[in-house]
Structures are given as C-alpha cells and as structure tokens.
Amino acid sequence: MSGRILIIDPVATNRIVLKVKMMSAQYLVDTCATCAEAAKIMDKSLPDLILINLVEKAAEGFRFCTSLRENRATRDIAILSTGTAETSAARLRALDAGANDVLPRPINDSLLLSRVRNLLRRRNASFDLMHRDGNGAAFGFEEEPAPRLTPARVSVVSYDAVAAVKHLNTLQDGLGQPIQMVSGAQQFVSMLERGAPDVLVINGAGGVIDQAALLHMVCDFRSRSQTRHAAQLVIVPADDADLAAMVLDLGAADVIFDGVSSQELVQRTQRLIQSKTRDDQLRDRVRRGLRAAVTDPLTGLHNRRYAQDHLQRLMRQSHASNQPYAVVMLDIDHFKSINDKFGHAVGDLVLVELADRLKAAMHDGDLVARIGGEEFLIALPNTGILSAEKIGQRLRKLIGGTPFSIGKGLDPLTVTASVGIAVHSGTPEDAPEDTALGQAFERADAALYSAKSAGRDAVSVWSSAA
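Here's what I pulled together on the structure shown here.

Parameters and conventions
- Residues numbered from 1 in each chain as written.
- Predicted model: local features only at pLDDT ≥ 70, side-chain atom pairs only at ≥ 80, totals over all residues.
- Heavy atoms only, no water.
- Helix = DSSP H or I, 4+ residues; strand = E, 2+ residues; numbered from the N terminus.
- Rg over C-alpha atoms; globule rule 2.2 N^0.38 Å.
- Contact = heavy atoms within 4.5 Å.
- Lys, Arg positive; Asp, Glu negative; His and termini not counted.
- Charge placed at Lys NZ, Arg CZ, Asp CG, Glu CD.
- Buried < 20%, exposed > 50% of the residue type's maximum accessible area, 1.4 Å probe, protein only.
- Polar contact = N/O pair within 3.5 Å; in protein donor to acceptor, adjacent residues only side chain to side chain.
- Axes fitted to C-alpha atoms, helices over the stretch in contact; angles between N-to-C directions.
- Parallel < 35°, antiparallel > 145°, perpendicular 65-115°, else oblique.
- Pairing = 2+ DSSP bridges.
- Core = buried A, V, L, I, M, F, W, Y, C linked by side-chain atoms within 4.5 Å.
- Phe/Tyr/Trp six-rings, centres within 6.5 Å; stacked < 30°, edge-to-face > 60°.
- Lys NZ or Arg CZ within 6 Å of the ring centre and 35° of its normal.
- Expected span 1.5 Å × (residues − 1).
- Right-handed = clockwise from strand over helix to strand, strands pointing away.

## Focus: the overall build of the protein
And then number 1: A count of helices and strands for the protein gives 15 helices and 15 strands.
And then number 2: What you see for the protein is a C-alpha radius of gyration of 31 Å, clearly larger than the 23 Å of a compact globule of 466 residues, by over 25%.
And then number 3: In the protein, the proportion of contacts linking residues at least 24 apart, taken out of those at least 6 apart, comes to 69%.
And then number 4: Between the centroid of the 53 positive side chains of the protein and the centroid of its 55 negative side chains there is a distance of 2 Å.

In structure tokens:
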C-alpha cells in the first residue's frame, strides 16, 4: 500500500511542485495551505508523513508540530520540515518541535525522496511490531515504553582520529554516558564482544574513507546479526546530497552533513536511542507473545500446538534420514482423585514437579510437552523399539519411585503414571502428512490405553514394524 502524505504550505506553487513529486513516486497526497485545514483533513484520515513549510507562518507551524508529538494518535507520524532557513538555530528549532528532518530550499529531489522512503520504512517497521490493526492493545503494545535501565551502547565509527575524538567528546558530554570509539577491525570485534550496539555514529566525511567503502560499511552493519537492529547515524560531506540519499536508501536510520552543530548531533543521537529502545521493547513483547502461544503457562513446557508442528518436522527428518522416531504419551494415574482429595492447588504442584522431572531426564534434542490436563508427550528422534521401551520404563520409575512434595504439613504423595509408546520407522507412509501426524498421536494414545488397561503404572509399545 502506498504511503499517504500530507503537504502543508501556504505557498500554492510549493504545494503544486511537492504534490507532483510525491504523486510521481506513487504516494497518495493531500495538500492544504494552513494547519487548521490540515487538522480537518487528519480528522478524516491520518497521513503517514507530513511535509510542512516551517518558514511561512512559522509560529503556527511549530505549534502544530508540537501538538502532533504530544497526541498519542499522531505522535508517530513522520514530519519533514521544508523551507526552513539553513541555520543551526532554525534546524534545531524545527527538530525540537518534532520534525524528523529539515530540508532547506532548494530541495534536492533525490534526498527528499530518499528521506521520505526512509521515514516510511522505519514507520512501517515499527507498525509491524505494534500490530496497529487492533491486536496491539491486546499484546500491551499501546503502553508507554519503559525507560532504559542502563546506558545505551553508542559507538563512534571513524578512521579519522581527530574527528572521532571530537564526536566522542561531544556525545559523551551531551548524553552524559561513556561512548565507544571504533577505528579498526580489532576495535570492531571488541565492540561486538561488549554487546550489540544501539546506535552507530559513522563518520563518512573528511576524505579518510571513500564513498564506496562508506556504502559498504553501512550495508555490512545492516547485514550482521549483531548490528542489524542498530540505528546508524551517518555523517556525510557537506552538501553531498546524493551520497546522503544513497546512505538512507541502504538502511541508515539518519544522516547529517559534516559541520552541523554539536547540539544537533546530540539531539539526533538521543532521538535514535529513544526509537531503538522502543523497537527493542516491542520486539521483546512480540517474542514473549510468540513464546506464550506455544507454551503451557503452568509447567513452562511446550503445548499441544507446538508439539504438532514439532512432530511434523520430526517425521520429515526421519523420512529423510531413514531413521526411526518414537512418540511417548504419559498420563498420571488417578489424577482426578488427587484433585478431589487435596484440591487443584496440590494437583498443580504435582504437574509442575512432574514436568521438571521429565525435562531433567531428557536430552536437548528431545521434545517434552504438556498436551492435556494430566497428559504429556515426549518425542524422541533416532529412537527404535528397544531404546524407546527402556526410556518409557525409566520415566515410569522416575515418577513412581520418588514421592511428590505437596506442601508443608502434608506427607509426600506417591504418584504413578502410565506410558504409551509408538515407534515409527523412517520409511514414509502412504498417507498425507496431516493424516500421518494424526496417526502418530492415535497410535501412542492407543498404546497408552493398553498400559492403563493392563493395570496402570505400566508401559505399552505400538510399533509399525510389529
């Protein structure tokens, strides 16, 4: 879907020129002359990015930008200031009001379009994490990001020692924290050993590094697992707008021209730290949500959903290697009577301790999952009939041989379990994968039923080779 862009400029010629450029790039465009008109447009449909003239009627424009950043519904809209006077004070004022960048006139078309793509790409990446389609609130994505508990990891990457020290001192004074300096391969390795960086301030000015090497560095940092989420702020030679545009299109989060004020360098770095922190927290929430979707909340084991997917992978691996695999179903005997006699809290204690015993008894490549109330599944790769039966007997004794602690004032409780095992050869069966998966569960369940029918506290084996 194309991004929606709102152009706010009291000068009609400016609006027309910008609209043509944005529409040529296949964006959806709305235009207006005043901030009041912009507010009415935004009541109907929020833009993804705003291009605003902060020279004409400057006070009104600055108030409008500030109000957008203070409103939860509009604070993430990207803002590009167009026409701001090319002075340090004017740039800082626009950035302070909430603009993401300042593009003085005459505007370089290449840099304008690269900056628009850059801001929309970053906004979309954050929105993918935030699930703004309505699921965000359910996952807690609408919460305010928590403050950082530790200083951000900021590294100055430069082959110009004099400039590197200058930038390092500026950032250390402005951010009030230590900054790393990277000027060679050994220091780069040392930086990664200390932990993944949050922000990389890359000095591409001064003539020490050529354009090709700078672009390679930006791509290299974006491709490495340790640095791909790091926000890159690249300093390029003054007035080299084409290089700035290329750097943005290659994935840098921000770009500034050599010679900007110390205040602007610090402010832009602070902003990148804030956005990186927020995205890190969102990624953590997504990971926690994914883990919760496949994890049993009581025992911490994988759940039935994960077990089904795991068994499908195990079947494919078994067929590819022509090695057998075993599916073990384990069910606590008379579990209902435990709940009835001692209460569900005691029943939960039994389930948790049983899960801990099973996890401790199995190898890293084995799957242990809780697939029902008191029913557990264990998947064993490269396991034949004899080995599977030995494992089943070992698990049965592991459970029944040691009583379970059920709380202060209560005697330890003896618990037994029945075990059903289905062993499958590595030969593919003449059945669709989903059917074969269902059969794996059914055969292990049938073996479990046989173990219970035999008096419980027993092990029964089903084998396709039998």
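## Regarding the environment of Ala451
And then number 1: Structurally, Ala451 is set in helix H15 (residues 433-453).
And then number 2: Linking Ala451 and Asp109, residues 342 residues apart in sequence, is a C-alpha distance of 76 Å.
And then number 3: With near-sequence residues (within four places) excluded, Ala451 lies in contact with Ser418, Val419, Arg456, Ala458, Val459 and Ser460.

## A look at the side chain of Asp198
And then number 1: Its location among the elements puts Asp198 in the loop between helix H7 (185-194) and strand S8 (199-203).
And then number 2: Note on Asp198: relative accessible area 6%, which makes it buried.
And then number 3: From its side chain, Asp198 meets the backbone nitrogen of Arg153 in a polar contact 2.8 Å long.

## Quick word on the packing of helix H12 (residues 335-342) against helix H13 (residues 344-361)
And then number 1: Interaxial distance between H12 and H13 falls to 7 Å at its minimum, and their mutual angle equals 135 degrees. If you check the angle between H12 and H13, you find them oblique. Of the residues in H13, those in contact with Phe335, Ile338, Asn339 and Phe342 of H12 are His344, Val346, Gly347, Val350 and Leu351.

## Considering the sheet that holds strand S2 (residues 28-32)
And then number 1: Taken together, five strands build an open sheet; the order of strands is S2-S1-S3-S4-S5 and the sheet is parallel. Lying at the two open borders of the sheet, with one neighbouring strand each, are S2 and strand S5 (101-103). In this sheet, neighbouring strand axes are inclined to one another by 20 degrees on average, regardless of whether the strands run parallel or antiparallel.
And then number 2: Of the pairings in the sheet, the one linking strand S3 (residues 49-53) to strand S4 (residues 78-82) comprises five bridges and is parallel in character. Counterpart to Ile52 in the pairing with S4 is Ser81.

## Examining the nonpolar core
And then number 1: Counting residues in hydrophobic clusters, the biggest one holds 40 residues, and the most contacted among them are Leu49, Leu51, Leu112, Val116 and Val247.
And then number 2: Not counting chain neighbours up to four residues away, the residues in contact with Leu49 comprise Arg4, Ile5, Leu6, Ile77, Ala78, Leu80, Val116, Leu119 and Leu120.
And then number 3: Counting residues in each nonpolar core, the second largest holds 32 residues, with Leu413, Val419, Ile421 and Val423 among its members.

## Examining the packing of aromatic side chains
And then number 1: Inspection of the entire model under this criterion finds zero aromatic pairs.
And then number 2: When the ring centre of Phe441 is taken as reference, the NZ or CZ atom of Arg304 above it lies at 4.9 Å.
And then number 3: Above the plane of the ring of Phe404 lies Arg357, whose end atom (NZ or CZ) is 3.8 Å from the centre.

## Describing helix H11 (residues 304-321)
One turn of an α-helix holds 3.6 residues; hence residues three or four places apart share an orientation.
And then number 1: Between its first and last C-alpha atoms H11 spans 25 Å; for 18 residues at 1.5 Å apiece the expected length is 26 Å, and the two agree.
And then number 2: With a side-chain oxygen positioned 3.3 Å from the backbone nitrogen of Arg305, the residue opening H11 is Asn303.
And then number 3: Downstream of H11 by a residue or two, Asn322 has a phi angle that is positive, lying close to 60 degrees.

## Observations concerning the sheet that holds S8
And then number 1: The strand order S7-S6-S8-S9-S10 describes an open sheet built from five strands, whose pairing is parallel. In this open sheet, the two edge strands, each paired with only one partner strand, are strand S7 (180-182) and strand S10 (254-257). In this sheet, adjacent strand axes meet at a mean angle of 20 degrees when their direction is disregarded.
And then number 2: Relative to S7, strand S6 (residues 154-157) runs parallel, the two sharing three bridges. Residue Val157 lies in a different strand from S7, and its bridge partner there is Val182.
And then number 3: With respect to the sheet, helix H9 (residues 241-249) is in contact with strand S9 (231-236) and S10, its orientation differing from that of S10 by roughly 165 degrees.

## Things to note about the environment of Leu386
And then number 1: Among the structural elements, Leu386 can be located in helix H14 (residues 385-400).
And then number 2: Here Leu386 falls in the exposed class, since its relative accessible area comes to 67%.
And then number 3: With 37 residues separating them in the primary sequence, Leu386 and Val423 have C-alpha atoms 9.7 Å apart.

## Considering the side chain of Arg396
And then number 1: Within the secondary structure layout, Arg396 lies in helix H14.
And then number 2: Side-chain polar atoms of Arg396 contact the side chain of Gln393, separated by 2.9 Å.
And then number 3: Beyond its immediate chain neighbours, meaning those up to four positions away, Arg396 contacts Ala417, Val419, Asp457, Ala458 and Val459.

## Some thoughts on the pairing of strand S1 (residues 4-8)
And then number 1: The buried fraction of S1 is high, at four of five residues.
And then number 2: As judged from the five bridges shared by S1 and S2, these two strands associate in the parallel manner. Note on S2: the bridge partner recorded for Ile8 is Cys32.
And then number 3: Handedness of the S1-helix H1 (residues 12-24)-S2 crossover: right-handed.

## Section: the pairing of S4
And then number 1: Most of S4 sits out of view: five of its five residues are buried.
And then number 2: With respect to chirality, the unit in which S3 leads through helix H3 (residues 58-70) into the neighbouring parallel S4 is right-handed.
And then number 3: Where S4 meets S5, three bridges bridge the pair, whose relative direction is parallel. Its bridge partner being in S5, Ser81 is matched across the sheet by Val102.

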